[in-house]
Structure formats: C-alpha cells, structure tokens
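Reading the structure
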Amino acid sequence: MDEKVLPAGTATERFEEHRPHLRAVAYRMLGSISEAEDALQETWLRYDRTDTSEVENLGGWLTTVVSRVCLNLLRSREQRREDPLELRIPDPLLAREGGVVDPEQEVLLADSVGLALMVVLESLSPAERVAFVLHDLFAVPFEDIAPLIEKTTAATRQLASRARRKVQGQAPAPDRDLARQRVAVDAFFAATRTGDLDALLAVLDPEVVLRSDGDVGRLRGTVVLTGARTVAGQAVLYHSLAPYARPALINGAAGVVVIGANGRLVATMAFTVVGGVIVAIDVLSDPERLGALDVSAFRD
C-alpha cells in the first residue's frame, strides 16, 4: 500500500501560508481589525486541535472554519446591539499613496472593498453577510456556504441576492481611476478651506450621504446626513481640520487622515467618488478606535 504523502512543512507553516487570505475573509466579515485577529487565533486553535491529514483542500477547510467563527461573532454582536439601526463605521484600512505596504496588508488591500460598502455590510443579518461575502467577494459556491449557515442552497442563494440588492442600492461602485477620485477629494477640501458653498455643491452628488462615527465639531456620536446642501452646510465644521488632512488610501480609495499637531490621529475620512462627484463620506473620529490604527507611515 502506498504511504500517504503529507504536505511539506509544519502545521504552523501550512497555516501561515493561508493567513493573509483568512485575514481578508475575517476582516470583510467583521469590519474590525482586532476581531479579525481574534477570529484568526480561534481558527488556528481549532486547526491545531484537528487532524487534517485527510483534508484535500486545506485552504477551503480553513476558510470554512474562520467563516464559522466569524458567523458566531456576528450573531453575538447582533444580540448585544441595543439598536439594530445603530451606525458603525468599520475599521478603515490605511495606506499612504505610493507608499510601501507589507505583504499581508497588500492582500487586504487587493481588490479592496470600499468603506461605504463595508458600512452597508454592517446592516446585513449575519447569514446575509456570510453568504454575500463568501460568494460575491471570494467566489465560494453556494452549496459550500449552505451548511455553514444551516440553510438550503436555494435559500443561501436568495440571502446573497437580497444582500446584493442592498449593497448595490446603497454603495455604488466607485470610479476606478484613483487620480479622478483624488481630484474630487482635493476639490472638497479646497472649497472647505475657503468656505466656498458653490464649489462644495459642485463636487457633491445631490443625494450625497455623510456618515460620522465619533465626535467632530458639533457632530457628536453617530450621525447620518443626506443631501448636498445639508452636507455642504456641515462641511464648514471641517475647516479647522483641513490644514491637518493628509492624503491617504482608505480601503484602496482616495481619502484623508487628519493628524493633529501633536501627531495624534484625529479622524479618517473615506470618500466614495462616482462620475467625478462625491456620493458618500464616511468619517471615523472615535479616539479609542483611532488609537489602535497605525499611522506611522503618515508622520514625516
């Protein structure tokens, strides 16, 4: 009888080969960098306790395990949330334009999901989010997702379809041209610095949405503003922040990080630009969450 040939390398080495992909799955599932790391740790523990010598597709097996861990975390989060409509801006992925990115961060940023889409994912049910993320973002077949969420294949397909409609309706695909995105963002801040209302209205889509999670100026707590005139009227609040705004890639799209004179990160602002105008602005200014983000690349 032929002896079974095991994959080369230690269990740790084999797991590390899949870590970047698993981290990308967990981040898109959870929208939290710290929770994604917790999910990876739990996945490793389950892998370390399991005999996987008979597993033919280790990557697929690990993806299922991390997805199940994330599903449990999403369900627990849903039970804890007092207000189901409570706004939460996911943790942004930050990179300096033209800067060097470490390989694991590069995997996260590759085919990056914009922050506006991540915000919409926060509004999905746990099963909807898992079905959509695995199928639409990672091409996992519905028949493989169905047992994970304890649904039939047909019901899983319907969940993903429902989630897709929500995403397409609330998070339009941004312009692919990063330079075009940056022109719109720069125009926004140029108008903000001078208080030019007409210039602001020209760069904002009539139905623009501004979502703020944290405290900036008079925008306290979680706030959602809609309409160009409403958003433009509030944009003057960012006048004092404009001198400290530094260009950044946020989830792969043009945005800014606001770093105060003391070197502390004050806010991140992600912009969704469609057709050369801004359709969404997502602001995170929660000091506790900002304190966990690495902005060393933006400090001169």
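Bear in mind that the values here come from a model prediction, so they are computed numbers and not experimental data.

**Things to note about the sheet that holds strand 6 (residues 265-274)**
Spatially, the seven strands line up as an open sheet ordered 1-4-5-6-7-2-3, and their pairing is mixed. With one partner strand each, in any of the chains shown, strand 1 (94-95) and strand 3 (222-226) form the two edges of the open sheet. As judged from the two bridges shared by strand 1 and strand 4 (residues 245-250), these two strands associate in the antiparallel manner. For Ala95, the partnering residue across the bridge sits in strand 4 and is Leu249.

**What about the pairing of strand 5 (residues 253-259)?**
Burial of strand 5 is extensive: seven of the seven residues sit out of reach of the surface. Sheet analysis places strand 4 next to strand 5, joined by six bridges and oriented antiparallel. Residue Pro247 lies in a different strand from strand 5, and its bridge partner there is Val256. Here strand 4 hands over to strand 5 after two residues, with Asn251 in that stretch at a positive phi of 50 degrees. Note that strand 5 and strand 6 share five bridges and pair antiparallel.

**What to know about the nonpolar core**
By size, the foremost hydrophobic cluster in this structure holds 58 residues, and its most contacted members are Met29, Leu121, Val130 and Leu134. Among residues more than four places away in sequence, those in contact with Met29 are Ser67, Cys70, Leu74, Arg129, Val130, Val133 and Leu134.

**So, the pattern of salt bridges**
Overall, the coordinates contain 15 salt bridges when judged by the stated rule. Its salt-bridge partner being Glu35, residue Arg77 comes within 2.4 Å of it at the nearest N-O pair. Remark: Glu35 occurs in helix 2 (residues 33-48) and Arg77 occurs in helix 3 (residues 58-80); sequence separation between them is 42 residues. Taken together, the salt bridges that share partners define one network made up of Glu35, Arg77, Arg88, Glu122 and Arg129.

**Re the packing of helix 3 against helix 6 (residues 126-137)**
Two elements in contact, helix 3 and helix 6, have axes whose closest approach is 9 Å; the angle formed by their N-to-C orientations is 150 degrees. Considering the angle they form, helix 3 stands roughly antiparallel to helix 6. In the crossing of helix 3 with helix 6, the sense of the turn from one axis to the other is right-handed. Contacts from Thr63, Ser67, Leu71, Leu74, Arg75, Arg77 and Glu78 of helix 3 reach helix 6 at Pro126, Ala127, Arg129, Val130 and Leu134. Class assignment of the residues belonging to the contact of helix 3 with helix 6 gives a composition of six nonpolar, two polar and four charged.

The rules we used
Residues numbered from 1 in each chain as written. Predicted model: local features only at pLDDT ≥ 70, side-chain atom pairs only at ≥ 80, totals over all residues. Heavy atoms only, no water. Pairing = 2+ DSSP bridges. Helix = DSSP H or I, 4+ residues; strand = E, 2+ residues; numbered from the N terminus. Buried < 20%, exposed > 50% of the residue type's maximum accessible area, 1.4 Å probe, protein only. Core = buried A, V, L, I, M, F, W, Y, C linked by side-chain atoms within 4.5 Å. Contact = heavy atoms within 4.5 Å. Salt bridge = Lys/Arg side-chain N within 4 Å of Asp/Glu carboxyl O. Axes fitted to C-alpha atoms, helices over the stretch in contact; angles between N-to-C directions. Parallel < 35°, antiparallel > 145°, perpendicular 65-115°, else oblique. Left-handed = near helix turned anticlockwise from the far one by under 90°. Nonpolar A, V, L, I, M, F, W, Y, C, P; charged D, E, K, R; others polar.

Any functional reading would require information that these geometric values do not contain.
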